[in-house]
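Fold and geometry: a report
Read off the chains here:
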Amino acid sequence: MKFITVDTYAKMSRRAANIISAQVILKPDSVLGLATGSTPLGTYKQLIDWNEKGDIDFSQAVTVNLDEYVALDSSNNQSYRFFMNKNFFEHININMNNTFVPNGCAADLEEECKRYDENISRLGGIDLQLLGIGHDGHIGFNEPDKYFVKNTHIVDLHESTVKANSRFFSSEDEVPKRAITMGMVSIMQAKKILLIASGKAKRDILEKAFFGPITPEIPASILQLHPDITVIYSED
Ligand code: F6R
């Protein structure tokens, strides 16, 4: 594991964008696993900038997102599909048909989970997975539990996650209580993992996740077993 600490969010975002662009330059048809949330926004901005300058080309890239709220469709400005379109996909030269986000409005959610995993397998797995980390150690929406969940599945979000995510909604009541998330198999089978985190409030959970015991009570701790993971933490 490479654990890099930098002093500013801007430096973290630039380092992360460097790693992602190196991946896409070396393998233009890379399958990129992507995350939403506040942390990757700077990384996406940097990649958009390099794409505009012609330094990085996403025309052959494929993306698979980690998660989506149940019952929010792509037109809902709180859905993760909307977030990805607005903050990344609409600004780069990617083929929208090659961007995949779980469908939280599927009539049969179990079937959607199965389909999502099959699609990842069909694509040959993930080349580089970008992750954030929740205060309780969740990755994607894999919440602390008694066991690690392997496949894409439906989760009941923990109270702390609903609370943390309520900053994007007008009230906590509006935050969906269920989501679809990729499971640990697709994440752990990614050839490379890049986890980014920023701010002092994340320091404690990073320490537990990467330097403590491996336990499903801290889902991110499983990443210690990954052979090629880089963590970039910014202190500010
Ligand atoms: C979102 C996701 C979540 C976030 C985590 C941290 O797609 O996978 O696990 O990465 O909740 O969110 P932020 O970056 O907002 O602190």
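Residues numbered from 1 in each chain as written. Predicted model: local features only at pLDDT ≥ 70, side-chain atom pairs only at ≥ 80, totals over all residues. Heavy atoms only, no water.

**As for the overall build of the protein chain**
Secondary structure summary: the protein chain contains seven helices and ten strands in total. Radius of gyration (C-alpha) of the protein chain: 16 Å, near the 18 Å computed for a compact globule of 236 residues. For the protein chain, the spread of C-alpha atoms along the principal axes amounts to about 45 × 40 × 35 Å. Within the protein chain, counting contacts between residues at least 6 apart in sequence, those at least 24 apart form 77% of the total. Carbon and sulfur atoms make up 50% of the accessible area of the protein chain, which totals about 10800 Å². In the protein chain, the 24 positive side-chain charges and the 31 negative ones have mean positions that sit 5 Å from each other. (Helix = DSSP H or I, 4+ residues; strand = E, 2+ residues; numbered from the N terminus. Rg over C-alpha atoms; globule rule 2.2 N^0.38 Å. Contact = heavy atoms within 4.5 Å. Areas by Shrake-Rupley, 256 points an atom, 1.4 Å probe, with all protein chains shown as cover. Lys, Arg positive; Asp, Glu negative; His and termini not counted. Charge placed at Lys NZ, Arg CZ, Asp CG, Glu CD.)

**Some points on the pattern of salt bridges**
In this structure the tally under the stated criterion is eight salt bridges. Between Asp 127 and Lys 27 there is a salt bridge, and its shortest N-O distance comes to 2.9 Å. Linking Asp 127 in the loop between helix H4 (109–122) and strand S6 (128–131) with Lys 27 in the loop between helix H1 (9–26) and strand S2 (31–34), this pair joins segments that are 100 residues apart in sequence. The exposure class assigned to Asp 127 is buried, which follows from its relative accessible area of 5%. Each of the salt bridges in this network shares a partner with another, and the network as a whole consists of Lys 27, Asp 127 and Lys 191. (Salt bridge = Lys/Arg side-chain N within 4 Å of Asp/Glu carboxyl O. Buried < 20%, exposed > 50% of the residue type's maximum accessible area, 1.4 Å probe, protein only.)

**Side note on the nonpolar core**
Judged by nonpolar contacts, the single largest core of 30 residues is most densely connected at Ile 187, Leu 195 and Leu 223. Within the residue set of this core, elements represented by two or more residues are strand S3 (62–65), H4, helix H6 (184–188), strand S9 (192–198), helix H7 (203–211) and strand S10 (229–234). In contact with Ile 187, not counting residues within four places along its chain, are Leu 66, Leu 131, Ile 139, Asn 142, Met 182, Ile 193, Leu 223 and His 226. Of all hydrophobic cores here, the second largest spans 27 residues; its members include Ile 20, Ile 48, Phe 83 and Leu 128. (Core = buried A, V, L, I, M, F, W, Y, C linked by side-chain atoms within 4.5 Å.)

**So, helix H2 (residues 41–52)**
Along its twelve residues, H2 runs 16 Å from first to last C-alpha, staying within 8% of the 16 Å computed at 1.5 Å per residue. Those residues of H2 that sit buried are Gly 42, Thr 43, Tyr 44, Gln 46, Leu 47, Ile 48, Trp 50 and Asn 51. Looking at the buried side of H2, the elements it contacts are H1, S2, helix H3 (80–87), S6 and S9. Where H2 ends, the next residue or the one after it, Gly 54, has phi of about 85 degrees, a positive value. (Expected span 1.5 Å × (residues − 1).)

**Here we look at the pairing of S6**
Burial along S6 is two-sided: Leu 128 and Leu 130 facing one way and Gln 129 and Leu 131 facing the other are all buried. Here S2 pairs with S6 via two bridges, running parallel. Bridge pairing in S6 places Leu 32 opposite Leu 128. (Pairing = 2+ DSSP bridges.)

**Observations concerning the site of the ligand**
The ligand sits among 15 residues. The nearest are Thr 39, Asp 67, His 138, Gly 140 and Lys 202. Between Asp 67 and the ligand, the recorded distance is 2.7 Å, taken from a side-chain N or O atom to an oxygen atom. For the ligand, whose free accessible area comes to 410 Å², the fraction covered by protein is 92%. (Near = heavy atom within 4 Å. Polar contact = N/O pair within 3.5 Å; in protein donor to acceptor, adjacent residues only side chain to side chain.)

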